[in-house]
2 protein chains.
Amino acid sequence: MIVKVAFPGERGSFTELAAIEYFGESEKYVCVPDFSDVFERVSSGACKYGVVPIENSSAGSIHQNYDSLLESNLHITGEIMLRIGQCVIANNGVKKKDVQTIYSHSAAFSQCKGYFRKNPALQKVQIPNTALAVKKVKDEKLKNAAAIASMQAAIDFEMNVIAENIEDNKWNTTRFIILGRKPERPAFTPVKTSVVFSMQNIPGALFKCLAVFALRDIDLIKIESRPVHGKGFKYLFYLDFAGDINDPAQKNAVNNLQEITSFYKHLGSYSCGRLAYPKYRKR
Amino acid sequence: MIVKVAFPGERGSFTELAAIEYFGESEKYVCVPDFSDVFERVSSGACKYGVVPIENSSAGSIHQNYDSLLESNLHITGEIMLRIGQCVIANNGVKKKDVQTIYSHSAAFSQCKGYFRKNPALQKVQIPNTALAVKKVKDEKLKNAAAIASMQAAIDFEMNVIAENIEDNKWNTTRFIILGRKPERPAFTPVKTSVVFSMQNIPGALFKCLAVFALRDIDLIKIESRPVHGKGFKYLFYLDFAGDINDPAQKNAVNNLQEITSFYKHLGSYSCGRLAYPKYRKR
């Protein structure tokens, strides 16, 4: 049975490339306007899965999606890492010297700071998605503008690439998470678990929370702190640790964690993602 | 003696307001184009101090400045929190319905997501600084554009405020740090210390690092993880903890920390900042 997978933006977006690497070419991919629409489509059951970026190796975490994970009732069912190569894409006949405005997502701008330092006259216009920026430049037949997006977006929209791999860091990688309505049994090992919690602001509180893992030799993979909205600088902690929530040590650790936290939520146990290099192709 | 203080952007930027709240009105404030120029001016000795934003209660950390702290040899000598009220600012005679384009910093856009949801046709153009966006709208005499910036920028540039306090969160607060070339003895208590470290990726490594503080009853104030550039998803940890590096327990804790980390750097010990409400005035 073909499943529906929601991704943000337009065909050729990095999230679509990540989704295809994860699910393969035969599923049905549904593009929705924004990250929040991905959560909405999966929550409502319109799509079985959704894919959103959660962290970039240069630009850091995508806070909006961390916040949405907290607010929604969705589960993380998988992840995949994708090497991100950013291209400057323009209409046919447009030369680099003609370009005055660049359309792209703010994350793409922050991955390509060196390019803007070398070309300080370029005006940056923020668009909700990189591939949407390409569509805009094409639809409006702009002759003095370009988009920063994937090679695949240039192929899909039949546009010209006027600069390739302009990202500052040649190992520029984005981690994407797969969202589903129900928890799923991880298909392969190693497995990781994501949780979010907060605790009273007392000395040693975070240390006690991490102790529940250390005492059981459970490896911490990532810790991310986020200010609680409207509470000044009180923090929520997003934690990724090794293992499945159904393993005995992990189950005991989170039971223990819930005794000492004021808020706790399980986000998902899922197979650790592989690093994929996108395959660009005419389609 | 009047000291020179560097801040990014233009007169009326939130960082200038924070700098004036911290140092008072009689010092000489020098505006420089970008965050990185603040680090450069202080490093070269052209300015005695610099001020940059480090964290916003809605939008999270300003990663670029965390990275610059790591790369520079500057010390954090103080901090201040500022309540941030965002205004939509336009040329005289321009009405809300005339505005098609909004110029601002990407952090201002992410603090005002609700405003753009209610006005989805608005085009967001990214500018290095909020007050610079006001200057641009004024200098280019734009009749179909506005800027998102502080009330002070509207006063300084003699422009009209067409919407006030459009930030999503009414407690929207930014934390700014003061940068100097030399460490300074904190003027008042309580004092906090900022450090950055990384360790081998082995189970319990972060727990051991935090143990050096917990065992001495030292309160952790903030922990921020950042991917190491070019190293995939290996992390650096920025840690703020209570107390002065010259206090015996804190000194022992960081000595202990250096035994178990592969990288360690002290960023500064400084008085905990107060929360300031900007005073807007004609000048």
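Given the structure is predicted, the values throughout are model-derived calculations rather than measurements. (Residues numbered from 1 in each chain as written. Chains lettered and ligands numbered in written order. Predicted model: local features only at pLDDT ≥ 70, side-chain atom pairs only at ≥ 80, totals over all residues. Heavy atoms only, no water.)

Another aspect to go through is the overall build of chain A. Looking only at helices and strands, chain A has 9 helices and 16 strands in total. Computed over the C-alpha atoms, the radius of gyration of chain A is 20 Å, within 12% of the 19 Å expected from 2.2 N^0.38 for a compact globule of 283 residues. Once the C-alpha set of chain A is aligned to its principal axes, its extents read approximately 65 × 45 × 30 Å. Considering only residue pairs separated by 6 or more positions, chain A has 76% of its internal contacts joining residues 24 or more positions apart. Summed over all atoms, the accessible surface of chain A reaches about 11,900 Å², with 52% contributed by carbon and sulfur. (Helix = DSSP H or I, 4+ residues; strand = E, 2+ residues; numbered from the N terminus. Rg over C-alpha atoms; globule rule 2.2 N^0.38 Å. Contact = heavy atoms within 4.5 Å. Areas by Shrake-Rupley, 256 points an atom, 1.4 Å probe, with all protein chains shown as cover.)

So, about the packing of aromatic side chains. Tallying each qualifying case throughout the model produces 15 aromatic pairs over all chains. A ring pair is formed by Tyr115 of chain B and Phe116 of chain B, whose centres lie 6.0 Å apart and whose planes are at 85°; its orientation type is edge-to-face. On the basis of relative accessibility, which here comes to 10%, the residue Tyr115 of chain B falls in the buried class. The exposure class of Phe116 of chain B is buried, given its relative accessible area of 8%. Considering the side-chain rings of Phe197 of chain B and Phe237 of chain B, the 5.9 Å spacing of their centres and the 25° angle between planes classify their relative orientation as stacked. In this pair, Phe197 of chain B is assigned in strand β12 (residues 191–198) and Phe237 of chain B in strand β14 (residues 235–242), connecting sequence segments 40 residues apart. Exposure remark for Phe237 of chain B: the relative accessible area of 7% places this residue in the buried category. Put simply, the rings of Tyr22, Phe23 and Tyr49 of chain A pair up and form one aromatic cluster. Between Lys124 of chain A and the ring centre of Phe116 of chain A, over which it is positioned, the NZ or CZ distance is 5.1 Å. (Phe/Tyr/Trp six-rings, centres within 6.5 Å; stacked < 30°, edge-to-face > 60°. Buried < 20%, exposed > 50% of the residue type's maximum accessible area, 1.4 Å probe, protein only. Lys NZ or Arg CZ within 6 Å of the ring centre and 35° of its normal.)

Model confidence for chain A is summarised by a mean pLDDT of 92, while 97% of its residues fall at 70 or above. Taking the mean pLDDT of every element in chain A, the minimum, 78, falls on strand β4 (residues 60–61) of chain A and the maximum, 98, on strand β6 (residues 87–90) of chain A. (pLDDT = per-residue confidence, 0-100.)

Okay, the interface of chain A and chain B next. If you look at the interface, chain A gives 47 residues, while chain B gives 47 residues. Of the roughly 3,700 Å² buried at the junction of chain A and chain B (both faces included), carbon and sulfur atoms supply 58%. The interface formed by chain A and chain B holds 0 salt bridges in total. Joining chain A to chain B, the criterion identifies 8 residue pairs in polar contact (both at pLDDT 80 or more). Counting residues per element, the side of chain A that touches chain B draws most heavily on strand β13 (residues 220–227) of chain A, at 8 residues. (Buried area = accessible area lost by both parts, 1.4 Å probe. Salt bridge = Lys/Arg side-chain N within 4 Å of Asp/Glu carboxyl O. Polar contact = N/O pair within 3.5 Å; in protein donor to acceptor, adjacent residues only side chain to side chain.)

We now examine the pattern of salt bridges. All names here are of chain A. Considering all chains together, one arrives at 30 salt bridges over all chains under this definition. Lys282 serves as the salt-bridge partner of Glu158, at 3.7 Å between the closest nitrogen and oxygen. Of the two residues, Glu158 sits in the loop between α7 (151–156) and β10 (160–163) while Lys282 sits in the segment after β16 (275–276), which places them 124 residues apart along the sequence. Each member of the pair, Glu158 as well as Lys282, carries the same accessibility label: exposed. A single salt-bridge network, built from bridges that share partners, covers Glu55, Glu79, Arg175, Lys192, Lys222, Glu224 and Asp240.

Here the focus is the domain arrangement of chain A. Along its sequence, chain A is organised into domain 1 (4–83 + 172–183), domain 2 (87–163) and domain 3 (191–270). Using C-alpha coordinates to define each centre, domain 2 of chain A is positioned 40 Å away from domain 3 of chain A. (Domains from an automatic or database assignment.)

So, on to a nonpolar patch on the surface. A surface patch of nonpolar side chains, amounting to about 350 Å² of accessible area, comprises Trp171, Leu275 and Tyr277 of chain A. Tracing the backbone shows Trp171 of chain A in the loop between β10 and β11 (173–180). (Patch = residues over 30% accessible without salt bridge, like charges linked within 9 Å, V, L, I, M, F, W, Y side chains within 5 Å.)

This paragraph deals with the relation of the copies chain A and chain B. With an RMSD of 0.0 Å, the fit of chain A onto chain B corresponds to turning through 180° and sliding 0.0 Å along the axis. Taken together, these values place the two copies in the relation of a two-fold axis. Considering only C-alpha atoms, the residue of chain A closest to the rotation axis is Val125 of chain A, which sits at 2.1 Å. Interface overlap between copies is the fraction of interface residues in one copy that are interface residues in the other; for chain A against chain B it reaches 100%, indicating a shared surface. (Least-squares fit on C-alpha atoms with pLDDT ≥ 70 in both.)

Once that is clear, we can look at the sheet that holds β12 of chain B. Residue and element names in this part refer to chain B. With antiparallel pairing, 4 strands are arranged side by side in an open sheet as β13-β14-β12-β15. Of all the strands in the sheet, just β13 (220–227) and β15 (263–271) have a single pairing partner and so form its edges. The mean angle between the axes of side-by-side strands here comes to 15°, regardless of whether they run parallel or antiparallel. Pairing of β12 with β14 involves 6 bridges; the strand directions are antiparallel. For Thr193, the partnering residue across the bridge sits in β14 and is Phe241. (Pairing = 2+ DSSP bridges. Axes fitted to C-alpha atoms, helices over the stretch in contact; angles between N-to-C directions.)

Residue and element names in this part refer to chain A. Running from amino to carboxyl end, helix α8 (residues 205–214) crosses helix α9 (residues 248–260) at an angle of 165°, the nearest separation of the two axes being 9 Å. Classified by the interaxial angle, the pair formed by α8 and α9 is roughly antiparallel. Along this stretch, α8 crosses α9, giving a crossing that reads as right-handed. Residue-level contacts link Lys208, Cys209, Val212 and Phe213 of α8 to Ala253, Asn256, Leu257 and Ile260 of α9. (Parallel < 35°, antiparallel > 145°, perpendicular 65-115°, else oblique. Left-handed = near helix turned anticlockwise from the far one by under 90°.)

Looking now at the environment of Cys47 of chain A. Residues and elements named next belong to chain A. Looking at the secondary structure, you find Cys47 in the loop between α2 (35–44) and β3 (49–56). Assessed through its relative accessible area of 2%, Cys47 is described here as buried. The sequence separation of Cys47 and Phe7 amounts to 40 residues, and the corresponding C-alpha distance is 10.0 Å. Not counting the four nearest positions on each side in its chain, Cys47 is found in contact with Lys4, Val5, Ala6, Val30, Arg41 and Val42.

Below, the discussion takes up helix α1 (residues 14–23) of chain A. All names here are of chain A. Of all the 10 residues making up α1, 9 are buried; the element is thus mostly covered by neighbouring parts of the structure. By the burial criterion, the buried members of α1 are Phe14, Thr15, Glu16, Leu17, Ala18, Ala19, Ile20, Glu21 and Phe23. Of the residues trailing α1, Gly24 is marked for its positive phi of about 90°.

Sheet analysis places strand β8 (residues 123–126) of chain A next to strand β8 (residues 123–126) of chain B, joined by 3 bridges and oriented antiparallel. Paired with Val125 of chain A across the two strands is Val125 of chain B, which belongs to β8 of chain B. Pairing geometry for strand β7 (residues 101–104) of chain B and β8 of chain B, over 4 bridges, is parallel. Bridge assignment links Thr101 of chain B to a residue of β8 of chain B, and that residue is Gln123 of chain B.

Strand order in the open sheet made by the 10 strands is β10(A)-β6(A)-β9(A)-β7(A)-β8(A)-β8(B)-β7(B)-β9(B)-β6(B)-β10(B), with mixed pairing throughout. The two strands at the open ends of the sheet, each matched to only one other strand, are β10 of chain A together with β10 (160–163) of chain B. Across the sheet, the mean angle separating the axes of adjacent strands is 35° when strand polarity is ignored. Two elements, strand β7 (residues 101–104) of chain A and strand β9 (residues 145–149) of chain A, share 3 bridges in a ladder whose sense is parallel. Bridging from a neighbouring strand, Ile102 of chain A pairs with Ala146 of chain A of β9 of chain A. Taken strand by strand, helix α6 (residues 130–139) of chain B contacts β8 of chain A together with β6 (87–90), β7 and β9 (145–149) of chain B, and its axis lies near 155° from that of β9 of chain B.

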